[in-house]
Amino acid sequence: LMMVNNQGSFGYDRPGFFGKNDGLHYPGECPWTVMFASGLWLGAKVGNQIRVAAAEYSVDYGPGTMTGGGPSADGPQFRVYKIHDGDTRVSNPDYAEWPFDDGAPSAKDDAGQDSLDAEGYQIPLMLGDEAVWTVMNDADMVGHHSDPGSGSPGPLGIEIQLYAYAYDSSGTAGRIIFMQYTLINNGGNVLDSTHIAFWADPDLGDAGNDFVGCDSAQSLGYCYNAFSSDA
């Protein structure tokens, strides 16, 4: 069970919906968590300035698309949409209101054209058994609150679309969450030396006895308990 929001964070329960901020529960909806917070970090040079946008314990992204190089006015259409395999326009409002015009992906036919249902409506892309989509941007400097991003001399001007999905399976696929990002430079800035990264604060149960490591050859990071038992 992983939290996803429309401000760049994932695996972080910012509002404390379950009574704490850890936002990646495993297995499923249980008290045990393996992640305290995670988020998308972006950095680039605009001229001679280094600009940064990040999501950690605080965020630099706001909900929504960009208009005229700046953020669009926020509204309920910029929420996180969640659909399930087998949903219909009748059974799920998020399916019926899937925001194709804002960039939410649609199912395609063999010719690469939008698939249509029997009533002529576009069909949301359904990968896995559950999927979410949302859009955000870093265009409003007033909303830059993270430690790395609050000192940025200006926004990058990036619109970010996130499509994430997972499988309801007892096998390996059921223990993976796939996250696909589409990044669009809508701010009019020439971005040089752009870097894109995931930041993570893994807390594998008790946060005081964890070790972390990486396998650079596989682009793999991991976290494990230092002891055989965990609080």
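Treat the numbers as computed from the prediction; the structure is a model and nothing was measured. (Residues numbered from 1 in each chain as written. Predicted model: local features only at pLDDT ≥ 70, side-chain atom pairs only at ≥ 80, totals over all residues. Heavy atoms only, no water.)

Caption draft 1: Quick look at the overall build of the protein chain. Secondary structure assignment for the protein chain yields 1 helix and 15 strands. What you see for the protein chain is a C-alpha radius of gyration of 19 Å, in line with the 17 Å of a compact globule of 231 residues. Oriented by its inertia axes, the alpha-carbon framework of the protein chain measures out at about 60 × 50 × 35 Å. In the protein chain, of all internal contacts separated by at least 6 residues, the share reaching a separation of at least 24 is 58%. When the accessible surface of the protein chain is totalled, it reaches about 12,400 Å², and 53% of it is carbon and sulfur. (Helix = DSSP H or I, 4+ residues; strand = E, 2+ residues; numbered from the N terminus. Rg over C-alpha atoms; globule rule 2.2 N^0.38 Å. Contact = heavy atoms within 4.5 Å. Areas by Shrake-Rupley, 256 points an atom, 1.4 Å probe, with all protein chains shown as cover.)

Caption draft 2: Representation of the nonpolar core in the model. With 14 residues, the main nonpolar core has Leu40, Leu42, Tyr61, Met136, Leu156, Ile158 and Ile160 as its most contacted residues. For this core, the elements supplying multiple residues, two or more each, are strand 4 (37-46), strand 10 (130-137) and strand 11 (158-166). Counting residues per element, this core draws most heavily on strand 11, which supplies 4 residues. With residues near it in sequence (within four places) discarded, Tyr61 still touches Gln7, Gly8, Leu40, Trp41, Leu42, Ala53, Ala54, Ala55, Met136, Asn137, Asp138 and Ile160. Counting residues in each nonpolar core, the second largest holds 12 residues, with Tyr95, Phe100, Ala104 and Val135 among its members. (Core = buried A, V, L, I, M, F, W, Y, C linked by side-chain atoms within 4.5 Å. Buried < 20%, exposed > 50% of the residue type's maximum accessible area, 1.4 Å probe, protein only.)

Caption draft 3: Focus on the pattern of salt bridges. For the structure on display, the rule yields 4 salt bridges. With a closest N to O distance of 4.0 Å, Lys45 and Asp192 form a salt bridge. Of this pair, Lys45 sits in strand 4 while Asp192 sits in strand 13 (residues 192-201), placing them 147 residues apart in sequence. Between Lys108 and Asp114 there is a salt bridge, with its nearest N and O atoms 2.4 Å apart. Beyond isolated ion pairs, a larger network of salt bridges with shared partners links Arg79, Asp94 and Glu97. (Salt bridge = Lys/Arg side-chain N within 4 Å of Asp/Glu carboxyl O.)

Caption draft 4: Fine view of unusual backbone geometry. Note that the residue after Tyr26, namely Pro27, is joined by a cis bond; omega there is 0°. For Pro27, the position within the fold is in the loop between strand 2 (24-25) and strand 3 (33-35). The phi angle at Ser193 is positive, at roughly 55°, despite the residue not being glycine. Not every positive phi belongs to a glycine, and Ser219 is a case in point at roughly 50°. Assignment of secondary structure puts Ser219 in the loop between strand 14 (210-215) and strand 15 (220-225). Assessed through its relative accessible area of 72%, Ser219 is described here as exposed.

Caption draft 5: Region of the structure containing the environment of Gly143. Position of Gly143 among the secondary structure elements: in the loop between strand 10 and strand 11. Judged by its relative accessible area of 24%, Gly143 falls in the partly exposed class. With 83 residues separating them along the chain, Gly143 and Asp60 place their C-alpha atoms 5.6 Å apart. Those residues in contact with Gly143 that sit more than four places away from it in its chain are Val59 and Asp60.

Caption draft 6: Just the packing of aromatic side chains, in detail. All chains considered together, the criterion is met by 15 aromatic pairs. An aromatic cluster is present here, built from Tyr12, Phe36, Trp41, Tyr57 and Trp199 joined pairwise through their rings. The ring of Tyr121 carries Arg89 above its face, with NZ or CZ at 3.6 Å from the centroid. (Phe/Tyr/Trp six-rings, centres within 6.5 Å; stacked < 30°, edge-to-face > 60°. Lys NZ or Arg CZ within 6 Å of the ring centre and 35° of its normal.)

Caption draft 7: Spatial organisation of the environment of Gly213. Topologically, Gly213 is positioned in strand 14. The class of Gly213 is partly exposed, set by a relative accessible area of 23%. Spatially, the C-alpha atoms of Gly213 and Tyr224 are 8.6 Å apart, while their sequence positions differ by 11 residues. Apart from residues no more than four positions distant in its own chain, Gly213 is found in contact with Leu220, Gly221 and Tyr222.

Caption draft 8: A look at a nonpolar patch on the surface. Residues Phe211, Leu220, Tyr222 and Tyr224 make up a contiguous nonpolar surface patch of roughly 400 Å² in combined accessible area. If you tally residues by element for the nonpolar patch, the top one is strand 15, at 3 residues. Topologically, Leu220 is positioned in strand 15. The exposure class assigned to Leu220 is partly exposed, which follows from its relative accessible area of 42%. (Patch = residues over 30% accessible without salt bridge, like charges linked within 9 Å, V, L, I, M, F, W, Y side chains within 5 Å.)

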